[in-house]
Amino acid sequence: NKRITTHSFKKMKEDKEKITILTAYDYPTANILDDEGIDALLVGDSLGMVVLGYEDTTQVTIEDMIHHIKAVSRGAKRSMVIGDMPFVSYHISKEQSVINAGRLIQEGQAKAVKLEGGKEIVEDVKAIAKAGIPVMGHIGLTPQSVHQLGGYFIQGKTKEQSDQLLEDAKALEEAGAFAIVLECVTEEVAEMITNHLKIPTIGIGAGRKCDGQVLVTHDMIGFYHSKSPRFAKRYVDLHEQIRNGVHGYIKEVKENRFPQEEHVFKMNSQELDKLYG
Ligand code: KIV
Ligand code: NA
C-alpha cells in the first residue's frame, strides 16, 4: 500500500499496467476513491462546472483550487493528488507560474500540478519542474481556451493537428512533464503519441491505447445534471438515487411517518447522552 509517485507512473507504463485517475473535489469522495485503489486524484478545474456551478472553467481562481485541493489531500492516503492550475495562473511569467504552482503544493498539499497547453507553456513547465514540483501536461481539447476555440471540439482529425499534437507532447516531455493528459483526441493520434513518449499518456475521450484513463467523477457517477459527453461512461446514476432518497424524505415528513420511535430521545431513557464519537 505504498504511496503512488511519479516513479509509479513511469513503472506502470513500462509494465503496461493501466493508470487510473478520477477527479475529486472534496474529502468524502477522496476517501472513497482512495480506499478503492485509484492511482491518482485529480482536483480538476472542472470543479468550477460540476461543483461550483460556473459556466466554464475560466472563472475558477487559485483560491478555489487551494480550498478544494486541501480537502482532497486530507482524504488521500495512497493516491497521488494532482491539482489543476486555473486559468491565467501560469501565463503571465515564469515567476508567477512557479509561485502559483508552489501554492497548490504548499497550501493545498498537492503532490503535483497540471497545466493546459503545448509548446507555448514549456518555459513555465521547466521552471515549475526545476522547483521540484512534478508537472502533468494537458493537450488536445483544452477547456480553458473555450472562448478562443469557440466551443468544445474533437482534436486530432487532420494531419496538421496530429503533427502539432505530437510536437506539443514531445516538447512537454522534454520540458520535464511526468505525464500528459490527452483530452478528446482521436484514437489513432492518441496511440501514435503514446508510442512516441517515454512518459505515460492519460486519456479522456482519447481512445483505448493511452497508458491510463481519467474521467470527471461527477459524470462517471451521474452526479451532474447536464448531459455528459459520449466518452464519459456512466457507471452509477447517483442523480436518480439522490432524487429517490429526497422524495422519500419529503413524503415521510409530510405524512408524519418520519421520525419514528427509533429516531427519538426520551427523558427517562437509559441511553447515554453522548451521541457518537
Ligand atoms: O478539470 C478536469 O477535470 C480535467 C480533466 C478532464 C482531465 O482537466
Ligand atoms: Na482541467
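Residues numbered from 1 in each chain as written. Chains lettered and ligands numbered in written order. Predicted model: local features only at pLDDT ≥ 70, side-chain atom pairs only at ≥ 80, totals over all residues.

1. Digging into the overall build of the protein
Phase 1: A count of helices and strands for the protein gives 11 helices and eight strands.
Phase 2: Taken along the three principal axes of its C-alpha coordinates, the protein extends 75 × 40 × 35 Å.
Phase 3: Counting the 277 residues in the protein, one finds 43% classified as buried.
Phase 4: Contacts in the protein between residues at least 24 apart in sequence constitute 58% of all its contacts with a sequence separation of at least 6. (Helix = DSSP H or I, 4+ residues; strand = E, 2+ residues; numbered from the N terminus. Buried ≥ 20, exposed ≤ 12 C-beta atoms within 10 Å, placed from the backbone. Contact = placed C-beta atoms within 7 Å.)

2. What about the environment of Glu187?
Phase 1: Residue position: Glu187 is located in helix H9 (residues 187-196).
Phase 2: Linking Glu187 and Asp34, residues 153 residues apart in sequence, is a C-alpha distance of 29 Å.
Phase 3: The residues contacting Glu187, other than those within four sequence positions of it, are Gly207, Arg208 and Lys209.

3. Side note on the sheet that holds strand S8 (residues 212-215)
Phase 1: Pairing is parallel around the closed barrel formed by eight strands, whose spatial order is S1-S2-S3-S4-S5-S6-S7-S8. Shown here is a sheet whose adjacent strand axes are inclined to one another by a mean of 25 degrees, direction ignored.
Phase 2: Pairing of strand S3 (residues 80-84) with strand S4 (residues 112-114), which is carried by three bridges, proceeds in the parallel orientation. Bridging from a neighbouring strand, Ile82 pairs with Ala112 of S4. (Pairing = 2+ DSSP bridges. Axes fitted to C-alpha atoms, helices over the stretch in contact; angles between N-to-C directions.)

4. Description of H9
Along an α-helix, a turn takes 3.6 residues, which lines up residues three or four apart on a common side.
Phase 1: Every buried residue belonging to H9 is among Val189, Ala190, Ile193 and Thr194, and all of these are buried. For H9, the angular spread of buried residues about the axis comes to 135 degrees, placing them on one side. Away from its buried face by more than 90 degrees, H9 exposes Asn195 and His196.
Phase 2: Buried residues in H9 make contact with helix H8 (159-175), strand S6 (179-183) and strand S7 (201-204). (Arc of directions from axis to C-beta.)

5. Topic: the pairing of strand S1 (residues 19-23)
Looking along a regular strand, one sees the side chains alternate between the two faces of the sheet.
Phase 1: Within S1, four of the five residues are buried, leaving the element largely enclosed by the surrounding structure.
Phase 2: With four bridges connecting them, S1 and S8 associate as parallel partners. From the neighbouring strand, Leu22 faces S8, where its bridge partner is Leu215.
Phase 3: Where S1 meets strand S2 (residues 40-43), three bridges bridge the pair, whose relative direction is parallel. Opposite Ile21, over in S2, you have Ala40 as the bridge partner.
Phase 4: One crossover worth recording links S1 to the parallel S2 by way of helix H2 (residues 27-36), and it is right-handed. (Right-handed = clockwise from strand over helix to strand, strands pointing away.)

6. With respect to the packing of helix H5 (residues 94-106) against helix H6 (residues 122-130)
Phase 1: Running from amino to carboxyl end, H5 crosses H6 at an angle of 50 degrees, the nearest separation of the two axes being 9 Å. By the angle between their axes, H5 is oblique relative to H6. In the crossing of H5 with H6, the sense of the turn from one axis to the other is right-handed. From H5, Lys94, Ser97, Val98 and Ala101 reach across to H6, where they touch Glu123, Asp124, Ala127 and Ile128.
Phase 2: Classifying every residue of the contact of H5 with H6 by side-chain character gives four nonpolar, one polar and three charged. (Parallel < 35°, antiparallel > 145°, perpendicular 65-115°, else oblique. Left-handed = near helix turned anticlockwise from the far one by under 90°. Nonpolar A, V, L, I, M, F, W, Y, C, P; charged D, E, K, R; others polar.)

7. Brief notes about the domain arrangement of the protein
Phase 1: Here the domain parsing of the protein yields domain 1 (6-233) and domain 2 (238-264).
Phase 2: Computed over C-alpha atoms only, the centres of domain 1 and domain 2 are separated by 39 Å. (Domains from an automatic or database assignment.)

8. Observations concerning the site of ligand 1
Phase 1: Around ligand 1 sit Thr23, Leu42, Gly44, Asp45, Ser46, Asp84, His138, Val181, Glu183, Ile204, Val214 and Val216, and those are all the residues in its vicinity.
Phase 2: Its residues placed into classes, the shell around ligand 1 shows five nonpolar, four polar and three charged. (Near = placed C-beta within 6 Å.)

9. A word on the UniProt feature "active site" (unreviewed entry) in the protein
Phase 1: The sites that UniProt annotates as "active site" (unreviewed entry) are Glu183.
Phase 2: Mapped onto the elements of the fold, Glu183 is located in strand S6. (UniProt positions renumbered as here; feature names shortened; annotations may be inferred.)

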